[in-house]
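Chain by chain, the residues:
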Amino acid sequence: MRLIRLQNSQSGKAKYPSSRLREIRKLFGPEWLRGGIMCEYDIYRIMDLVESIGEDSVRDIFSDFSCEYRDGIKNDEIEIFLRKSAIEFSKRKMSITYLVTDKESRMVGYFTLTHKPITICDAALNSKANKKRMMRHATFDERLDAYSVSAFLIAQFSKNYSIPPDERISGSDLMDLTLSLIDDVQRQIGGGVVFLECENHPELLDFYSGMPHSFFRFGERFSEKDGVKYQQMMRFL
């Protein structure tokens, strides 16, 4: 999708023509979200924005983003990636970042997707049904007692906390948008597993493992660079 950026001479902030947003919505119809949810948001691939309005203007949009989810507490990694790496990674096709805007054309969140091979131990699939589903998408190594599968990775995922609390997108809606886009890609190229990594905080684990998204833990990874042990969680599409 492409987005035309206009400059509001009074506020100096980015504005987007509602007529263009309505045009984009017509391409998908009123209920393109999974589960028949009415779409109140639009998704824009950042390279489409770069081609349409220029890299500097896109970086201006990033400047309003904050992941300070509590007073004085924020996720620096998510902010740094957006401002320092998102465009470059997209140019190199290492990952693709998407911005989410609301009806007021505010950036309410973003997510980054890529594809990555992973290994999942048989013991992590705690039911026969999960093991059967995994066999549809993976190869099983008897020596390692593990599955090898190429999976979609939600590499970055955050809402914009600079927006007033009662006007923010919910985490559940942002995840619905993310999974809807992955579902669309899956129908075109195949695949059946999506995973993510998050810090070992109860509220994060509860959010990802709760309904309706139902990710479950399959491993952990220690990052020497960050000094953090990440929990690895997956779900089937």
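Residues numbered from 1 in each chain as written. Predicted model: local features only at pLDDT ≥ 70, side-chain atom pairs only at ≥ 80, totals over all residues. Heavy atoms only, no water.

**Q** Please explain the overall build of the chain as it appears in this structure.
**A** Looking only at helices and strands, the chain has seven helices and 10 strands in total. Residue burial in the chain is summarised as follows: out of 237 residues, 43% are buried. Within the chain, contacts between residues separated by at least 24 positions form 61% of all contacts whose residues are at least 6 apart in sequence. When the accessible area of the chain is evaluated, it comes to approximately 13,100 Å², of which 49% is carbon and sulfur surface. (Helix = DSSP H or I, 4+ residues; strand = E, 2+ residues; numbered from the N terminus. Buried < 20%, exposed > 50% of the residue type's maximum accessible area, 1.4 Å probe, protein only. Contact = heavy atoms within 4.5 Å. Areas by Shrake-Rupley, 256 points an atom, 1.4 Å probe, with all protein chains shown as cover.)

**Q** Please explain the packing of aromatic side chains as it appears in this structure.
**A** Each aromatic ring pair is characterised by the separation of its centres together with the angle its planes make. Going through the model one piece at a time under the given rule, you end up with 10 aromatic pairs. Look at Phe65 and Tyr110: their rings are 5.4 Å apart centre to centre, the planes differ by 75°, and that puts the pair in the edge-to-face class. Taken as a pair, Phe65 in the loop between α3 (55-62) and α4 (76-91) and Tyr110 in strand β5 (residues 107-121) lie far apart in primary sequence, 45 residues in all. When its relative accessible area of 2% is taken as the criterion, Phe65 is described as buried. The exposure class assigned to Tyr110 is buried, which follows from its relative accessible area of 0%. (Phe/Tyr/Trp six-rings, centres within 6.5 Å; stacked < 30°, edge-to-face > 60°.)

**Q** Just to check I follow, could you spell out the side chain of Gln232 for this structure?
**A** Mapped onto the fold, Gln232 is located in strand β10 (residues 228-236). Polar contacts involving the side chain of Gln232 include one to the side chain of Glu197, which spans 3.0 Å. In contact with Gln232, other than residues within four places in its own chain, are Leu196, Glu197, Phe216, Arg217, Phe218, Gly219, Glu220 and Arg221. (Polar contact = N/O pair within 3.5 Å; in protein donor to acceptor, adjacent residues only side chain to side chain.)

**Q** Would you mind showing me how to read the environment of Val58 here?
**A** You can see Val58 is positioned in helix α3. Measuring from C-alpha to C-alpha, the distance between Val58 and Ile87 comes to 9.1 Å, with 29 residues separating the pair along the chain. Not counting the four nearest positions on each side in its chain, Val58 is found in contact with Leu49, Val50, Ile53 and Ile87.

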